[in-house]
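Close look at the chain arrangement
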Amino acid sequence: MSHSGFHAFKKVRSMGVEQKFAQAVFVIGPTASGKTALAHQLFEQLQSELKKPCQLVNIDAFQFYRSVSIGVAKPTSQEISSYGYRGIDILEPLGSMDAARYAEFVWGACREISDNGRLPVCVGGSGLYLRSVLHGLDPLPERNDALRQMFRASAQAWGWPALHGWLKTLAPLRAAQLHPNDKTRIERALEIVFQLPEGVAPESVFQSTQTLAKQELLGSSYVIRVDCDDDVLRRRIASRIDAMFASGWLSEVKNLQQQFGAEFALSQAGKAIGYREIIAALAENEAPDAPQISELKARIATLTWQYVRRQRTWNAKERFDWEFDSTDGIAKIQFPASFLSFLDHYHA
RNA sequence: GGCGCUUUAGCUCAGUCGGUAGAGCAGUAGAUUGAAAAUCUACGUGUCCCCAGUUCGAUUCUGGGAGGCGCCA
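An account of the accompanying structure is given in this report. Model, not experiment: these values are computed from the prediction.

What counts, and at which threshold
- Once a new chain begins, its residue numbering starts again from 1 and follows that chain's sequence as written.
- Whichever chain is written first is A, and whichever ligand is written first is 1; the rest continue in order.
- Where local features are concerned, this predicted model is filtered to residues with pLDDT of at least 70; where side-chain atom pairs are given and counted, the filter is 80 or more; whole-chain, interface and lining totals use all residues.
- Values shown for side chains rest on all heavy atoms present in the structure; no hydrogens or waters enter the calculation.
- By the criteria applied, helices consist of DSSP H or I runs no shorter than four residues and strands consist of E runs no shorter than two, each listed in order from the N terminus.
- Values of the radius of gyration come from C-alpha atoms, whereas the globule rule sets the reference at 2.2 Å times the count of residues to the power 0.38.
- The cut-offs for exposure are 20% and 50% of the maximum accessible area for each residue type, with area from a 1.4 Å probe on protein chains only; residues under the lower value are buried, those over the upper are exposed, and the others partly exposed.
- Should any heavy atoms of two residues lie within 4.5 Å, those residues are considered in contact.
- For the area figures, the Shrake-Rupley method with a 1.4 Å probe applies, and any residue is considered shielded solely by the protein chains shown.
- Charge assignment: positive for Lys and Arg, negative for Asp and Glu; neither His nor the chain ends contribute.
- For the purpose of locating charges, the reference atoms are NZ of Lys, CZ of Arg, CG of Asp and CD of Glu.
- DSSP bridges decide pairing: two strands pair if at least two such bridges lie between them.
- As a rule, the C-alpha atoms of each element are fitted with a line to give its axis, helices using only the stretch in contact, and angles between N-to-C directions run from 0 to 180 degrees.

1. Examining the overall build of chain A
Looking only at helices and strands, chain A features 16 helices and five strands. Relative to the compact-globule value of 20 Å for 348 residues, chain A shows a C-alpha radius of gyration of 22 Å, a close match. Along the first, second and third principal axes, the C-alpha set of chain A runs to 60 × 60 × 35 Å. For chain A, the proportion of its 348 residues judged to be buried stands at 47%. Taking the intrachain contacts of chain A between residues at least 6 apart in sequence as the baseline, contacts between residues at least 24 apart amount to 79%. As presented, chain A carries roughly 17,500 Å² of accessible surface, and 52% of it is formed by carbon and sulfur atoms. Taking the average location of the 39 positive side-chain charges in chain A and that of its 38 negative ones, the two points are 3 Å from each other.

2. Topic: the sheet that holds strand β5 (residues 322–325)
With respect to topology, five strands assemble into an open sheet ordered β2-β3-β1-β4-β5, the strand pairing being parallel. Either end of the sheet is taken by a strand with one partner, and the two such strands are β2 (54–58) and β5. Across the sheet, the mean angle from the axis of one strand to that of its neighbour is 25°, orientation sign disregarded. In terms of strand pairing, strand β1 (residues 21–28) meets strand β3 (residues 119–123) through three bridges, oriented parallel. Looking at the pairing, valine 25 lines up with valine 121 of β3. Contacting β1 and β4 (219–227), helix α5 (residues 127–134) runs over the sheet at an angle of about 160° to β1.

Below, the structure is given as structure tokens:
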């Protein structure tokens, strides 16, 4: 395994932050808040009013799987082509992605779009992915599934708190930041420690990160945060779920299961909100009746709302330049001065 | 109408051999460095259905009443 990324990191850090994209607009916000609608409107008005062609880039962690569409609120194929979306349908349904790899993809896409004289507009609600694109992740050793399997087997036998204890002997500072039950991060921390090059002290790698607002940006960015009143958002979520079922969400899941069997449920895409629940419901009853469907919808709405809360917690720490209230829907946009000056700066 | 079961947190239910009660889910808040729509953490006072009785003390026992479910008529 190569650690060139790690050494490159040291070098870059000592010379200051490297720009990863020239200039980009980001549209962030919780699910169903209207990010996508706002981005589309932005596209239109930038084109017609400001003569500024742009192109959309997806930063949603679940929209890049082919054939996994309805439940992840993917734009239609027509929208994908007319807005020049990048980063959608770039993986097979069973594929997997990670934040660092995706950040590279987005940076590349933004560079290409800029090189073609357009403005990249990145849309998405995944906190970690946004963070890695906007601020970057330290180039730590990469994901290693063989190691992970080993850790999981140990955890099965001894429990995660025991692995946490193990981490404590290897990287006490990092261990102190993690709860003994936090399996995802304990696993990742051990994975990093085990792959460090000879002579690199774990404690030198695990440095506490600054708050998001203070972290340097990897390009010139303008962040629009979209949100709306709770009751409006709740209603939108409910009606969006209804619409998803109406447009054949169940058959989409059935097809995926037919094609990939149990593999799909275990895949990353299969863990998206709603997919898990539908898979479970279909396992109980191949043709759910009306009461079962409405129970399923309610369950999915609950999970979606919980997700909204997590997104807001994350977004609250992220810097933003313009807060857009979508409570009354999204009509014609009045561009704020800060946005216009951001664009001017781009021309200069 | 008779018999049986049941009534406890927003919901589903434990439990207290009599000393006023706790799980799951929901809710709220927080965390988040390559699975992130993932994962993890913290937060639990409610006329224990009502009335009366026994008792130092009843959500718990006894009697009556009311609601729910089931069976028999």
